[in-house]
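Take a look at the letters that make up each chain.
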Amino acid sequence: TAMRRGELLTLEWQDVHVAQGWVHLPDTKNGSPRDVPLSPKDQAILADLPHDLSGRVFPVHFEAFKSAWRRLLGRSGVVGLRFHDLRHEATSRFFEKGLNVMEVATITGHRDLRMLQRYTHLRAEDLALKLWPLAITTLMTIRAGSYRCYRPYRHSVTRRRSFLMVSRIGRSTPTGQAASTTS
């Protein structure tokens, strides 16, 4: 969920809507309430949790949580992991799943997009993979003979080169006739 530690520890059952797949955070670090979507796994975990008389989802004091976190790290042999690092990881994963900046900002509660940039670790290979659907759509459009829809770009060297490449491999020519595959 990429929720902050304080948001998790103050979360109350009245703000949890498991069946609808979201939780409401009335009091956040930046002062603005927000709604956070729940994954199916989050929903299953919350549905199985017992309800405490205090009304809190996680009826644990802040200091007790910190002690439990330190014990967990000690037992697991993990060194230097802060709970906030999990928020960072979740935010990065949202971007990897293809959510756009505004969607991630809505989930995480970032009002300043510069702060959100810390979480984006864009890799060239991931960006290249995102461009493939665009390239395939372009090739299919050219193959269908509707090259004219790219008329505003007809003087673009890139468009002409990609079109020439397509016509050389036997797709179609600007007139819609099949190109020869012999060179």
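What counts and what doesn't
- Residues numbered from 1 in each chain as written.
- Predicted model: local features only at pLDDT ≥ 70, side-chain atom pairs only at ≥ 80, totals over all residues.
- Heavy atoms only, no water.
- Helix = DSSP H or I, 4+ residues; strand = E, 2+ residues; numbered from the N terminus.
- Expected span 1.5 Å × (residues − 1).
- Buried < 20%, exposed > 50% of the residue type's maximum accessible area, 1.4 Å probe, protein only.
- Arc of directions from axis to C-beta.
- Contact = heavy atoms within 4.5 Å.
- Pairing = 2+ DSSP bridges.
- 1 Å grid on protein atoms, 1.4 Å probe; cavity = no way out; pocket = protein on both sides within 12 Å on 5 of 7 lines; lining within 4 Å.
- Points joined across faces, edges and corners; volume = space filled by probe spheres on them.
- Nonpolar A, V, L, I, M, F, W, Y, C, P; charged D, E, K, R; others polar.
- Patch = residues over 30% accessible without salt bridge, like charges linked within 9 Å, V, L, I, M, F, W, Y side chains within 5 Å.
- Areas by Shrake-Rupley, 256 points an atom, 1.4 Å probe, with all protein chains shown as cover.
- Salt bridge = Lys/Arg side-chain N within 4 Å of Asp/Glu carboxyl O.

(A) Focus on helix α3 (residues 62-76). Between its first and last C-alpha atoms α3 spans 21 Å; for 15 residues at 1.5 Å apiece the expected length is 21 Å, and the two agree. When we look at burial in α3, the residues that qualify are Phe 65, Trp 69 and Leu 73. The arc that holds the buried residues of α3, viewed along the axis, is 70 degrees, so those residues lie on one side. Looking at α3, the residues exposed on the side facing more than 90 degrees away from the buried face are Arg 70, Gly 74 and Arg 75. Contacts from the buried residues of α3 go to α1 (5-9) and α4 (83-96). Remark: Gly 77 follows α3 within two positions and exhibits a positive phi of approximately 80 degrees.

(B) Highlighting the pairing of strand β3 (residues 34-37). A one-sided burial pattern is seen for β3, the buried positions being Arg 34 and Val 36 and the unburied ones Asp 35 and Pro 37. For strand β2 (residues 22-25) and β3, the ladder comprises four bridges, and the chain directions are antiparallel. By the bridge assignment, Val 23 is partnered in β3 with Val 36.

(C) Summary view of the layout of surface pockets. Taken as a whole, the largest pocket spans an internal volume of roughly 700 Å³. In terms of lining, the largest pocket is formed by 25 residues, of which the most central are Thr 1, Ala 2, Met 3, Ser 39 and Asp 42. Among the secondary structure elements, those contributing two or more residues to the lining of the largest pocket are β3, α2 (40-48) and α4. For the lining of the largest pocket, the element with the highest residue contribution is α4, accounting for seven residues. The residue makeup of the lining of the largest pocket, split by class, is 17 nonpolar, two polar and six charged. Empty space within the second largest pocket amounts to approximately 310 Å³. Lining the second largest pocket are 16 residues; nearest its centre among them are Phe 95, Glu 96, Leu 122, Leu 127 and Lys 130. Those elements that provide at least two residues to the lining of the second largest pocket are α4 and α7 (124-143). Tallied by class, the residues present in the lining of the second largest pocket amount to six nonpolar, five polar and five charged.

(D) Looking closely at a nonpolar patch on the surface. On the surface, a cluster of nonpolar side chains totalling about 260 Å² of accessible area is made up of Val 101, Met 102 and Leu 113. Locating Met 102 in the fold gives a position in helix α5 (residues 101-108).

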